[in-house]
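# Coordinate inspection notes
Spelled out, the chains give:
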Amino acid sequence: MRSVEEFVREETVLLPAPGEAEHPALALANSAVALPGGHTADLLGTPARAEQWLARRGLAPADAGLEEVCATQLRSLREQVRSLLASRIAGQPALPAAVTAVNDAMTRVPTASLLLWDEKTGPYRAAPHPTTAIVEHALAAIAADAADLLTAPDAVRLTACASPPCNRFLLRHGRRQWCSTRCGDRARAARAYARRTAVE
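Residues numbered from 1 in each chain as written. Predicted model: local features only at pLDDT ≥ 70, side-chain atom pairs only at ≥ 80, totals over all residues. Heavy atoms only, no water.

## Section: the environment of Trp53
Tracing the sequence through the fold places Trp53 in helix α3 (residues 47-56). Residue Trp53 is classed as buried on the basis of its relative accessible area of 1%. A sequence separation of 22 residues divides Trp53 from Ser31, and the C-alpha atoms of the two residues are 8.7 Å apart. If we ignore the near neighbours within four places in the chain, the residues touching Trp53 are Pro24, Ala27, Leu28, Ser31, Leu43, Leu44, Leu59, Leu74 and Ile142. (Helix = DSSP H or I, 4+ residues; strand = E, 2+ residues; numbered from the N terminus. Buried < 20%, exposed > 50% of the residue type's maximum accessible area, 1.4 Å probe, protein only. Contact = heavy atoms within 4.5 Å.)

Take a look at the structure:
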């Protein structure tokens, strides 16, 4: 049986669930993976892992030096986004705290390009991104993507992986109900086993 650490190393090279490449909010929601045996692999479990996760998605530099408080903020937003995705899929009202958390993350940093002035080159526009606010900018980008994902026409394609114990979300393409080939194979094997044991 693989350890959780081995799974985390393997998971970083697995293909993302359908929709993750386009939606960092979906990737964030899927960054805590349920494993057989009741274990969970948390791809944001340490500041170093959280920093690697953000850097791979272009949301922070690889040497940002994230602290535990930053990783905790990221994990907290993940739980709120997971709650919103689950509510949308189930057709249930969202928890007000989850909506508030996403709105707070989006509005905590300026999103407009501000007017700046360089002594030599003159005026220009740029989005402020001080190094002290790297995580806040990443959280704002993810929260904005979550809001877009939940309100876009594609939201009807949101679904949860249909292969227990997997807890990942995906954007369904056609009839595909699984986040990965691995989960699809596991679900098909479980169905075949159930058919065999029902006949016996």
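## A look at the packing of helix α4 (residues 68-90) against helix α5 (residues 96-107)
With their axes 9 Å apart at the nearest point, α4 and α5 run at an angle of 125° to one another. Looking at the two axes, α4 sits oblique to α5. You can see that α4 and α5 cross each other, and the crossing is left-handed. Here Leu77, Gln80, Val81, Ser83 and Leu84 of α4 come into contact with α5, specifically with Ala97, Ala98, Val99, Ala101, Val102 and Ala105. For the contact of α4 with α5, the residue count by class is 9 nonpolar, 2 polar and no charged. (Axes fitted to C-alpha atoms, helices over the stretch in contact; angles between N-to-C directions. Parallel < 35°, antiparallel > 145°, perpendicular 65-115°, else oblique. Left-handed = near helix turned anticlockwise from the far one by under 90°. Nonpolar A, V, L, I, M, F, W, Y, C, P; charged D, E, K, R; others polar.)

## A few points about the side chain of Arg82
Tracing the chain through its elements places Arg82 in helix α4. Once you skip the residues sitting within four places of it in the chain, Arg82 turns out to touch Ala29, Asn30, Asn167 and Phe169.

## Observations regarding the pairing of strand β4 (residues 122-126)
Bridge count between strand β3 (residues 114-118) and β4: 5 bridges; the pairing is antiparallel. Opposite Leu115, over in β4, you have Arg125 as the bridge partner. (Pairing = 2+ DSSP bridges.)

## Brief notes about the nonpolar core
Core analysis: the biggest nonpolar cluster contains 35 residues, and Trp53, Leu54, Leu74, Val81, Leu85 and Ile142 have the highest contact counts within it. Those elements that provide at least two residues to this core are α2 (24-29), α3, α4, α5, α6 (134-151) and β6 (169-171). Counting residues per element, this core draws most heavily on α6, which supplies 9 residues. Counting 7 residues, the second-largest nonpolar core is a separate cluster that includes Cys161, Cys166, Trp178 and Cys179. (Core = buried A, V, L, I, M, F, W, Y, C linked by side-chain atoms within 4.5 Å.)

## Details of the confidence of the model for the chain
Summary statistics for the chain give a mean pLDDT of 85 and a share of 84% for residues scoring 70 or more. Taken element by element, the predicted model of the chain shows its lowest mean pLDDT in helix α1 (residues 4-11) (48) and its highest in α2 (97). Of the regions scoring below 50 in pLDDT, residues 7-13 engages in 16 contacts with residues more than four places distant in sequence or in other chains. (pLDDT = per-residue confidence, 0-100.)

## Points about the pattern of salt bridges
This model, assessed by the stated rule, comprises 5 salt bridges. We note a salt bridge from Arg168 to Glu20, for which the minimum N-O separation is 2.9 Å. Highlighted residues: Arg168 in the loop between β5 (158-160) and β6 and Glu20 in the loop between α1 and α2, separated in sequence by 148 residues. When sorted by exposure, Arg168 lands in the same class as Glu20, which is buried. Arg157 is the salt-bridge partner of Asp154, the closest N and O atoms lying 3.0 Å from each other. Residue classification places Arg157 among the partly exposed residues on the basis of a relative accessible area of 23%. Look at the salt bridges and you will find they share partners, linking Asp42, Arg78 and Glu79 into a network. (Salt bridge = Lys/Arg side-chain N within 4 Å of Asp/Glu carboxyl O.)

## Section: the environment of Ala60
With respect to the helices, strands and loops of the structure, Ala60 is situated in the loop between α3 and α4. For the pair Ala60 and Val135, spaced 75 residues apart in the sequence, the C-alpha separation amounts to 7.4 Å. Beyond its immediate chain neighbours, meaning those up to four positions away, Ala60 contacts Leu54, Ala55 and Ile134.

## Structural notes on the packing of α4 against α6
Their axes nearest at 11 Å, the elements α4 and α6 cross at an angle of 5°. Viewed along their axes, α4 and α6 adopt a mutual orientation that is roughly parallel. Between α4, through Cys70, Gln73, Leu74, Leu77, Val81, Leu84, Leu85 and Arg88, and α6, the contact on the second element is made entirely by Val135, Glu136, Leu139, Ile142, Ala143, Ala146, Leu149 and Leu150. By residue class, the composition of the contact of α4 with α6 is 13 nonpolar, 1 polar and 2 charged.

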